[in-house]
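# A closer look at the structure
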Amino acid sequence: MREEKRVFLNCTMVDVTADCALRHGIDVFTEGDRIVRIAPTGGDTDDYELYDASGLFVMPGLVNAHAHLFGTGMPSKVISGGGAQKLVLKLVQSALGLKVLKMLVSSACKQELNSGVTTLRGLGDFRFSDILVRDRIRKGRGAAAGLDLVVSGPAITAPGGHGDGTFALTASKPEEFAALVEQNVSNGADLIKICITGGVTDAKKKGEPGEVKMTEEQVKAACDRAHALGKRVAAHIQSSLGVSIAAKCGVDTIEHGASFGEEEAALLKARGGAVVATYTPAYPYYKLPAEVTKLDDVRIYNSGVVLDGMTAAVKDAYAHGITVAMGTDASCPFSTQYGMWREVIYFAKLGGFGTKAALIAATLGGATALGLQDETGSLEEGKRADMIFLKDDPVSRPETLREPLTVVAGGRVIARPKVKRNKKIERVLDGLMEGL
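Right, let's get into the sheet that holds strand β6 (residues 62-67). Here three strands make up an open sheet; going across it, the order is β6-β7-β8 and the pairing parallel. Edge positions in the sheet fall to β6 and β8 (148-151), since each has one partner strand and no second. Taken pair by pair, the neighbouring strands of this sheet meet at an average axis angle of 15°, ignoring direction. Looking at chain direction, strand β7 (residues 117-122) and β8 are connected through four bridges and run parallel. The partner of threonine 119 across the bridge, within β8, is aspartate 148.

This is the structure:
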């Protein structure tokens, strides 16, 4: 089949390999799923389908490095447990439940893609529904065709750990952790997700969202088996002790994170590790009133602890030359499947890291954390044709990311992409963002 040849004419390119420098008057040539040439406008365009991008800004497609795909971001008491959660989990395990899960995951992928995310990493979903949908996307089928979806299958946790009884599989002995790793890989997982510490939703005391739940032996068993099978390991961690265990025992990406020291930094850097910040759910959890979030005082307080921990982790990562990425933790309350633009702004303003750092973390940083830096994350010849076209300069007006004018994912052009927004959630989050 003849590869489609396109050229996007006369745009301004955001070069994330050069501190987000703007390159004006650029033509971007693509053939099939690849960028084949980037050149000053006005060159030979024979045999190429022409797209006039005059006056538009082009940057790499976003990399959402941490999401769950089973939810929409609507707040619910189900997350806190109880009878309602039991009923939902019973449905999830039924034949009908699997059909519903596949529909939800497919919808999430479409929303992510149309919002400008061209590479998406799912880190914990039910019943391998993420893998089933990924396989369909890779065959070029469905509304999310072109999206590069990287998934872990169910997370792996310890008894009483984060995700126990919900989106995670549970093990106790080190050999059981290794066996679950093998099970996930045999089912097609691209990587392994483990939960070393607890989290906001399962902590019982103020100040303990990151209570360690997995032992060093358990973490090492999971990491050793994953690495032997050629898979990276991402770990949910919300305390410094958790980061220390992860660094010593082989974890590749620290999800959420907390402060860490010289020893942990050296270990992470030596194996090309990364820190992945997820401000999107934590900030609304902490700032919004309980009647809106449906969270209790313990969870609200601990959300503040997590916010501080993430900022400390990113600062420590930058100080030691460790890759920094970001993700939305989508499916959590107030974290929609189209909210990556908010994560960019939260990272820039809440963390104080600035918009350029945020855009780099949302593109090349994310690609590097996933081991895909040779494939995507920046606009360079030979890489995948993953691009978003914007009305305004995202460096000076990052809110322009909310409405990409065109999304190109693996060469597939989505003109005038649309997402289905929840007006209630958007109204609440827009009000919250005004205070930043």
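Having seen the model, we can carry on.
As enumerated under the stated definition, the model contains 22 salt bridges in all. Across the pair glutamate 426 and arginine 402 runs a salt bridge, and its minimum N-O distance is 2.9 Å. Here arginine 402 lies in the loop between β16 (387-390) and β17 (406-409) and glutamate 426 lies in helix α13 (residues 423-433), a separation of 24 residues in the sequence. For arginine 402, a relative accessible area of 22% gives the class partly exposed. Linking glutamate 403 and arginine 421 is a salt bridge whose minimum nitrogen-to-oxygen distance equals 3.6 Å. With glutamate 403 in the loop between β16 and β17 and arginine 421 in the loop between β18 (412-415) and α13, this residue pair connects regions lying 18 residues apart in the sequence. According to the relative accessible area criterion, glutamate 403 is partly exposed, its value standing at 46%. On the basis of relative accessible area, arginine 421 is assigned to the partly exposed category, the value being 27%. Connected via shared salt-bridge partners are Arg134, Asp135, Arg138 and Asp190.

With that out of the way, let us pick up the packing of aromatic side chains. Aromatic rings considered in pairs are described by the distance between their centres and by the relative angle of their planes. The tally for this structure, following the rule as stated, stands at eight aromatic pairs. These aromatic residues form a ring-pair network of at least three members: Tyr279, Tyr318, Phe347 and Phe353. Directly above the aromatic system of phenylalanine 29 lies the positively charged group of arginine 37, at a separation of 3.8 Å from the ring centroid.

Moving on to helix α2 (residues 95-114). In an α-helix, one full turn covers 3.6 residues, which means residues spaced three or four apart are oriented alike. For α2, which comprises 20 residues, the first-to-last C-alpha distance of 29 Å matches the rise-based estimate of 28 Å (1.5 Å per residue) to within 8%. Residues of α2 that are buried include every one of Gly97, Leu101, Val105, Ala108, Cys109, Gln111, Glu112, Leu113 and Asn114, and no others. Backbone geometry just after α2 places glycine 116 at a positive phi near 110°.

Our focus in this paragraph is the nonpolar core. Within the largest apolar cluster, 97 residues are counted, with the highest numbers of intra-cluster contacts made by Cys109, Ile194, Ile196, Val219, Val251 and Phe347. Contact partners of cysteine 109, with chain neighbours within four places excluded, come to Leu69, Leu120, Val133, Ile137, Ala144, Leu147 and Leu149. With 16 residues, the next largest nonpolar core counts Cys11, Ile38, Met387 and Phe389 among its residues.

Looking now at the environment of serine 54. Its location among the elements puts serine 54 in the loop between β4 (49-52) and β5 (57-60). Exposure remark for serine 54: the relative accessible area of 39% places this residue in the partly exposed category. Apart from the residues within four sequence positions on either side, serine 54 is in contact with Leu9 and Asn10.

As a further point, take the side chain of glutamine 238. Looking at the secondary structure, you find glutamine 238 in the loop between β12 (233-237) and α6 (240-249). What makes glutamine 238 buried here is its relative accessible area of 12%. Not counting the four nearest positions on each side in its chain, glutamine 238 is found in contact with Thr197, Gly198, Gly199, Val200, Pro209, Gly210, His256, Gly257, Ala258 and Val306.

Glancing now at the packing of helix α11 (residues 340-349) against α13. When two helices pack together, their arrangement is given by the angle between the helix axes and by the axis-to-axis distance. α13 packs onto α11 with a crossing angle of 20° between their chain directions and a minimal axis gap of 12 Å. Between α11 and α13, the interaxial angle falls into the category roughly parallel. Between α11 and α13 lies a crossing of left-handed hand. Facing Trp341, Arg342, Ile345 and Tyr346 of α11, the residues of α13 in contact are Glu426, Leu429, Asp430 and Met433. In terms of residue class, the contact of α11 with α13 is built from five nonpolar, no polar and three charged.

Criteria and thresholds
Residues numbered from 1 in each chain as written. Predicted model: local features only at pLDDT ≥ 70, side-chain atom pairs only at ≥ 80, totals over all residues. Heavy atoms only, no water. Pairing = 2+ DSSP bridges. Helix = DSSP H or I, 4+ residues; strand = E, 2+ residues; numbered from the N terminus. Axes fitted to C-alpha atoms, helices over the stretch in contact; angles between N-to-C directions. Salt bridge = Lys/Arg side-chain N within 4 Å of Asp/Glu carboxyl O. Buried < 20%, exposed > 50% of the residue type's maximum accessible area, 1.4 Å probe, protein only. Phe/Tyr/Trp six-rings, centres within 6.5 Å; stacked < 30°, edge-to-face > 60°. Lys NZ or Arg CZ within 6 Å of the ring centre and 35° of its normal. Expected span 1.5 Å × (residues − 1). Core = buried A, V, L, I, M, F, W, Y, C linked by side-chain atoms within 4.5 Å. Contact = heavy atoms within 4.5 Å. Parallel < 35°, antiparallel > 145°, perpendicular 65-115°, else oblique. Left-handed = near helix turned anticlockwise from the far one by under 90°. Nonpolar A, V, L, I, M, F, W, Y, C, P; charged D, E, K, R; others polar.

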